[in-house]
Amino acid sequence: MCGIIGIVGKAPVAERLVESLKRLEYRGYDSAGVAGVVGGGVQRRRAKGKIKALEEVLAAEPLTATTGIGHTRWATHGAPNVANAHPHHAGRVTLVHNGIIENFAELKAELAAAGRTFESDTDTEVIAHLIDAELATGLAPIDAFKATLDRLTGAYALAVLIEGAENLVLGARRGSPLVVGEGQGEMFLGSDALAVGPFTNRVIYLDEGDYVALDHDSARIFDASGAAVTRPVRVVPTSAVMMEKGNYRHFMEKEIHDQPEGCQRTIAAYVDALTSKTAIPGDVDFAKLERIQIVACGTSYIAGVVGKYLIEQLADLPVDVEIASEFRYRQPALRPGALVVAMSQSGETADTLAALRYCKAKGMKSAVVVNATESTMAREVDVVWPIHCGPEIGVASTKAFTAQVSVLTAIAVAAAKARGTIDAAEEQRLVKVLLEAPRLIAEAIHLEGAIKEIAADVAKARDVLYLGRGPMSALALEGALKLKEISYIHAEGYAAGELKHGPIALVDDQTPIVILAPYDSWFEKSASNMSEVMARGGQVIFITDTLGVKHAPEGAKVVVTAPASDPLVSTLVMSAPIQLLAYHVAVLKGADVDQPRNLAKSVTVE
Ligand code: AGP
């Protein structure tokens with residue numbers, strides 16, 4: 001997902017544009033660029049690769065402008081090269097864009113027919129030409145901008161400079177987030193609060209369809225109809241500490257270690273620790289609910305699968321969990337009596353947002369389990385269930401995953417009490433179990449030394465298999481996803497019972513098999529799966545707990561012993577070992593842990 005920054009400043013902006021782009025690196029990118037309005041012209045500097053390359057270009061050709069824009073590009077249309085890097089330029093217009101313009105081909109054909117020529121393959125350049133063409137008819141910049149927006153189909157967050165207008169940055173959002181930052185005699189525009197965080201904590205979140213004209217002292221905001229509107233200014237705690245790595249090598253390492261605190265803060269928002277009762281925000285009546293439909297992608301989807309096990313087991317409430325990109329196009333048979341719950345760390349994932357909107361259109365009540373509480377999803381649902389783990393910077397989700405699972409765990413207990421499948425005493429017992437989870441997570445993280453040794457072997461593997469039963473079958477998916485996305489080693493997560501229906505053919509003495517087996521009702525079955533695998537030469541990494549280790553079959557290549565835990569929270573406790581395994585394998589392989597190749601932190605395009 002691309003990163004955007006714009007500044008209407010009182011002093012040269014080049015350094016601050018670059019500083020902001022560095023805070024947006026976590027979003028994933030393959031080129032970067034900046035531009036500024038100076039006197040009668042526009043200066044533009046772009047580079048392929050990391051921001052360091054852009055800094056070298058700027059050192060050779062400094063940018064002196066006091067009004068400028070910047071961009072980190074995650075390629076959608078056109079290869080990652082300088083020609084396709086933003087900002088793009090046409091006539092008097094220079095701009096940066098996040099999103100996809102779906103009708104850009106027909107617009108480009110129309111502009112070409114009118115004699116315009118293009119220097120890039122991007123949809124973004126078409127927008128610059130459209131605005132320039134509208135300016136040529138004599139329209140004022142804001143009107144030329146609005147006329148252009150009305151012609152675009154698709155998603156955009158835009159920051160625009162107009163030649164000769166040194167005190168103006170135009171911005172607009174539809175389907176991709178954009179915020180305004182209020183400074184002292186300066187104004188800022190950014191993809192999110194982190195982008196403007198170095199300059200201000202006073203943030204205005206633009207609504208869907210809004211567009212804005214910034215000068216030194218004001219932000220004139222208009223809604224999609226063109227009516228002038230005001231949006232609230234929020235003071236955002238983007239504390240620098242939350243955004244720094246501290247003494248960790250990577251944000252991912254820090255975020256794995258932040259999990260006890262992140263889960264503790266999250267759980268505290270969903271239970272009353274004094275009475276040991278659940279206290280779920282929002283007005284969902286679990287007693288009357290007929291079904292929950294979870295829609296999500298990636299790790300957030302896996303968190304939803306864990307939630308399904310817990311909610312159905314405890315509350316006897318049907319839960320369906322679906323990959324959002326499939327759900328949104330298959331015309332699912334929905335009924336209004338269900339609650340749709342989107343799971344999303346960013347609250348901006350395009351597929352999840354579309355699936356959520358599909359359910360809302362069918363009359364379903366909607367909720368989102370989300371980290372970014374000002375995100376598009378958070379502002380469109382009936383009920384927001386925040387996770388309180390702080391900004392997650394590493395592309396591979398870790399602390400957000402366990403925080404999401406914490407929320408669904410609290411909801412499972414609350415729904416069970418509301419539906420009478422547990423009594424008050426059992427609710428209190430389970431709430432106490434949940435409150436103890438952060439301590440057990442911290443103990444599990446102390447397994448890091450043992451995990452690092454295992455990582456040395458796994459780093460040599462071509463393929464890795466993760467197996468588990470019950471909620472551990474979901475965690476097997478998560479372990480495989482973590483390993484794939486940061487170490488680039490092929491891995492598969494499977495329900496252990498499925499092994500004999502095909503995957504066992506993969507087993508040989510070269511394939512590490514990670515078996516997740518806390519001492520729960522599935523343990524004996526998982527232990528027999530372990531024997532099946534070892535009988536065929538499989539190299540088993542058996543991750544169990546202090547109770548299971550006494551009953552584990554002989555012969556595993558290595559046994560990892562996590563703290564024993566109640567089944568309600570075993571997924572939370574067993575997450576750290578698989579996250580740490582993926583992390584240390586990736587470090588050994590020299591991978592770019594926080595910004596893995598081809599990935600973005602939030603996928604706001606389809
Ligand atoms: C997880 O490690 C990945 N980065 C990815 O699968 C992510 O979970 C997915 O893109 C969903 O993102 P969201 O939670 O922001 O919606």
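A brief structural summary. The structure presented is a predicted model; accordingly, all values stated were derived computationally and were not measured.

**Description of empty space enclosed by the protein**
Now for step 1: This model, assessed by the stated rule, comprises two cavities of 30 Å³ or more.
Now for step 2: Estimates place the volume of the second largest cavity at around 30 Å³.
Now for step 3: In terms of lining, the second largest cavity is formed by I292, I294, I311, V341, W385, L408 and I411.
Now for step 4: If you list the elements that add at least two residues to the lining of the second largest cavity, you get β18 (291-296) and α14 (399-418).

**A look at the layout of surface pockets**
Now for step 1: Its boundaries defined by the atoms lining it, the second largest pocket holds a volume of some 490 Å³.
Now for step 2: What lines the second largest pocket is a set of 25 residues, among which C297, G298, T299, K601 and V603 lie closest to the centre.
Now for step 3: Listed by contribution, the elements that provide at least two residues to the lining of the second largest pocket are α10 (298-315), β20 (338-344), α12 (350-361) and α17 (471-487).
Now for step 4: Residues that form the lining of the second largest pocket fall into these classes: nine nonpolar, eleven polar and five charged.

**Details of the nonpolar core**
Now for step 1: Ranked by size, the top nonpolar core spans 97 residues in total, and within it V341, W385, V464, Y466, L483, L516 and L581 carry the most contacts.
Now for step 2: Filtering out sequence-adjacent residues up to four positions away, Y466 remains in contact with A476, G479, A480, L483, A491, E492, G493, Y494, V514, I578 and L581.
Now for step 3: Among the nonpolar cores identified, the runner-up in size contains 29 residues, and V93, L111, Y156 and Y211 belong to it.

**Description of the sheet that holds strand β5 (residues 88-90)**
Now for step 1: In space, the seven strands of this open sheet follow the order β5-β6-β7-β8-β12-β13-β14, with antiparallel pairing throughout. Each edge of the sheet is formed by a strand with only one pairing partner; in this case those strands are β5 and β14 (228-229).
Now for step 2: For strand β8 (residues 169-174) and strand β12 (residues 211-214), the ladder comprises four bridges, and the chain directions are antiparallel. Within β12, the position partnered with G171 by the bridge is V212.
Now for step 3: The strands touched by helix α4 (residues 123-136) within the sheet are β5, β6 (93-98) and β7 (156-162), with β6 carrying the most contacts at an inclination of about 140 degrees.

Reading the values: rules and limits
- Residues numbered from 1 in each chain as written.
- Predicted model: local features only at pLDDT ≥ 70, side-chain atom pairs only at ≥ 80, totals over all residues.
- Heavy atoms only, no water.
- 1 Å grid on protein atoms, 1.4 Å probe; cavity = no way out; pocket = protein on both sides within 12 Å on 5 of 7 lines; lining within 4 Å.
- Points joined across faces, edges and corners; volume = space filled by probe spheres on them.
- Helix = DSSP H or I, 4+ residues; strand = E, 2+ residues; numbered from the N terminus.
- Nonpolar A, V, L, I, M, F, W, Y, C, P; charged D, E, K, R; others polar.
- Core = buried A, V, L, I, M, F, W, Y, C linked by side-chain atoms within 4.5 Å.
- Buried < 20%, exposed > 50% of the residue type's maximum accessible area, 1.4 Å probe, protein only.
- Contact = heavy atoms within 4.5 Å.
- Pairing = 2+ DSSP bridges.
- Axes fitted to C-alpha atoms, helices over the stretch in contact; angles between N-to-C directions.

The quantities given are spatial measurements derived from coordinates; they are silent on function.
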